[in-house]
There are 2 protein chains.
Amino acid sequence: MKHIFGHKNPDTDSICSAIAYADFLNKQNIDAKAFALGSLNKETQFVLEYFGIEAPEQIDKLPAGTEVILVDHNEEKQSIDKIKDLDIVEIIDHHNLKIETNKPISVLFKPVGSTCTIIAEEKYFKNNVELTKPIAGILLSALISDTLFFHSPTTTDIDKVVAEKLSKIAEVENLEEFSLKLFNAKSDLGDISVEKLIKLDYKTYDFKDGTYSIGVMETTNAKFGLDKKEDILIKLKELKESEDLSGIFFTIIDILNEESYTFTSGDTEDALFTKLFSAVEKNNALYVDKLISRKKQIVPVFEKM
Amino acid sequence: MKHIFGHKNPDTDSICSAIAYADFLNKQNIDAKAFALGSLNKETQFVLEYFGIEAPEQIDKLPAGTEVILVDHNEEKQSIDKIKDLDIVEIIDHHNLKIETNKPISVLFKPVGSTCTIIAEEKYFKNNVELTKPIAGILLSALISDTLFFHSPTTTDIDKVVAEKLSKIAEVENLEEFSLKLFNAKSDLGDISVEKLIKLDYKTYDFKDGTYSIGVMETTNAKFGLDKKEDILIKLKELKESEDLSGIFFTIIDILNEESYTFTSGDTEDALFTKLFSAVEKNNALYVDKLISRKKQIVPVFEKM
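Quick caveat: nothing in here was measured; it's all calculated off a predicted structure.

Colleague: I tried to follow the interface of chain A and chain B on my own but got confused; where do I start?
Modeller: Frequently, the measure chosen for interface size is the accessible area removed from exposure when the parts meet. The interface is formed by 24 residues belonging to chain A together with 24 residues belonging to chain B. Taken together, the two surfaces of chain A and chain B that pack against each other cover about 2,200 Å², and 49% of this comes from carbon and sulfur. Considering only the side of chain A, the residues that lose the most area to chain B are L97, P104 and V107 of chain A, jointly responsible for 28% of the buried surface there. In this structure, the salt-bridge partner of K98 of chain B is E100 of chain A, at a minimum N-O distance of 3.9 Å.

See the structure below:
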């Protein structure tokens, strides 16, 4: 059986693309199952409950040689431990290409807003495979989540066309209203610990001058994060030490106002971020207007550094 | 305009996939054109003449920032010089994944017999884009050439189904007869120089213990290569020096008998090849029965070394 999973600290796109692609393959009589590399966030839980789909089983390791399909990621650091011992047979993603293989495999990347956009368009629609209401619903939710309801600069025309088709099948009549529900679920963090907050959507990158982590908190309630500044700064410094990193950036993205506030693990990182993104101080954080996409706006700048 | 090209020392699959994909994109009103990274071999010349298609312009460099689409290759060493300065916007290939990108791009890899199989199936057929007789003809030719008329272990069921569909559109009634014409054109090397013979289909790889080149000569006339043994050995030693390589392997693949004869650039390489492939001496060369695919049988063994 092929094990399908997205990245660690899974977001809605990672979970829903794994579930939908397993459904697609099962319909071609291919034995495949979705898994999660970590617990589901509130938004993803809301989505799966809303459309009546069971949460995938969580795993953190697999026996050597297991056939796996990577969705929504391809960097080793973001994948399951000891990925090199597994048999990667396919990758579907919308991030930078960062993996090498020792045999020819199936690879499908498109520079679109979500992995679910690719699965909907290139798998279901192009192959005329029937899409049920729940699967269309979770594909749509992930698309809306990853593109921040089409506000992220990662959004393409294809995302909008696919969302239109999916919302009909999913019977989501008012997409804006549904998006607000989604973002409120995303922003409902309850009594989350500071470490969990930082790790909500946290990815590690090997840049030229060192290994950095970048956590983002996409929210309709930036104040929730800003109010925890002191605890966040302490935890970022601790994590930098314990994970042996060159630095950590934690960016609170205000989805509705399309702006962001960043905290970092130290003065050097503060200075670096300020220089790279022309940040200004606002609400005691490094404020940048319109900086809302880690993938399209933050990571490329670090890579060119 | 997007520049589309296959690997250096282009083979029929590299040339035909570039031409066909340019045709496909032009039909979607996307400005694109095929180019060749080197002169065409006899087989490719035969194919283009047979189906009445003009040979693509040869290039060896492009201005920095030019938008390019790589087909049938993705390793830097096999691509145009200074590829890092160009803007790679898309890759279609059936080899191992060996490239990193600093932005999300379109990538389509399938573990099938030829890049032309992917272009036919995933581009023309799945999108219901009309395929003319000449384009179907060159796609079919490249598929037959790369799979050695379905004898290569790289052949999949998809290749056979696609070839069937293409031969109808290309009006090739007797596929076996056409394949023999193709292989005879491939084998008609006239008064080729020994260096050109070695470089007919020559690729350079970074393996763990050094950089090696592997040239293959796919032929219905192995004797033509075997008779040049002394000159080939001298030239292999020269090239190893001048190209600063750890070694060179030149494998004469007898297409019809499905066997191969290898010459190398020195005793160490002879011993290595003999050990890795359990070669025996026959016709004064390193003989291996059924060893006919560089991609599927030779390169993977070196990579595991």
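Colleague: Sorry, what's going on with the domain arrangement of chain A here?
Modeller: All names here are of chain A. Here chain A is partitioned into domain 1 (2-185) and domain 2 (194-303). Each of domain 1 and domain 2 has a C-alpha centre, and the two are 25 Å apart. Contact residues are listed per partner, giving 20 residues for domain 1 and 20 residues for domain 2. When domain 1 packs against domain 2, close to 1,800 Å² is buried across both sides, 54% of that on carbon and sulfur atoms.

Colleague: Honestly, the pattern of salt bridges in this entry has me stumped. Any pointers?
Modeller: When charged atoms on two side chains of opposite charge get close, those side chains can pair. Under the defined criterion, the tally for this structure stands at 42 salt bridges over all chains. Residues K165 of chain A and E121 of chain A are paired through a salt bridge, measuring 3.6 Å at the closest nitrogen-oxygen approach. Of this pair, K165 of chain A sits in helix α5 (residues 157-169) while E121 of chain A is found in helix α3 (residues 115-125), placing the two residues 44 residues apart along the sequence. Its relative accessible area of 18% is what places E121 of chain A among the buried residues. Ionic pairing is found between K186 of chain B and E218 of chain B, a salt bridge with its closest N-O pair at 2.7 Å. Remark: E218 of chain B occurs in strand β8 (residues 210-219) and K186 of chain B occurs in helix α6 (residues 175-187); sequence separation between them is 32 residues.

Colleague: I'm lost on the layout of surface pockets in this one. Help?
Modeller: By volume, the second largest pocket is sized at about 930 Å³. The wall of the second largest pocket is formed by 24 residues, among which E100, T101 and N102 of chain A together with K98 and E303 of chain B lie closest to the centre. If you list the elements that add at least two residues to the lining of the second largest pocket, you get β5 (87-93) of chain A together with β7 (202-207) and α11 (294-304) of chain B. Looking at the lining of the second largest pocket, the element that brings in the most residues is β7 of chain B, giving 4 residues. Of the residues belonging to the lining of the second largest pocket, the class tally is 8 nonpolar, 3 polar and 13 charged.

The rules behind the values
- Residues numbered from 1 in each chain as written.
- Chains lettered and ligands numbered in written order.
- Predicted model: local features only at pLDDT ≥ 70, side-chain atom pairs only at ≥ 80, totals over all residues.
- Heavy atoms only, no water.
- Contact = heavy atoms within 4.5 Å.
- Buried area = accessible area lost by both parts, 1.4 Å probe.
- Salt bridge = Lys/Arg side-chain N within 4 Å of Asp/Glu carboxyl O.
- Domains from an automatic or database assignment.
- Helix = DSSP H or I, 4+ residues; strand = E, 2+ residues; numbered from the N terminus.
- Buried < 20%, exposed > 50% of the residue type's maximum accessible area, 1.4 Å probe, protein only.
- 1 Å grid on protein atoms, 1.4 Å probe; cavity = no way out; pocket = protein on both sides within 12 Å on 5 of 7 lines; lining within 4 Å.
- Points joined across faces, edges and corners; volume = space filled by probe spheres on them.
- Nonpolar A, V, L, I, M, F, W, Y, C, P; charged D, E, K, R; others polar.

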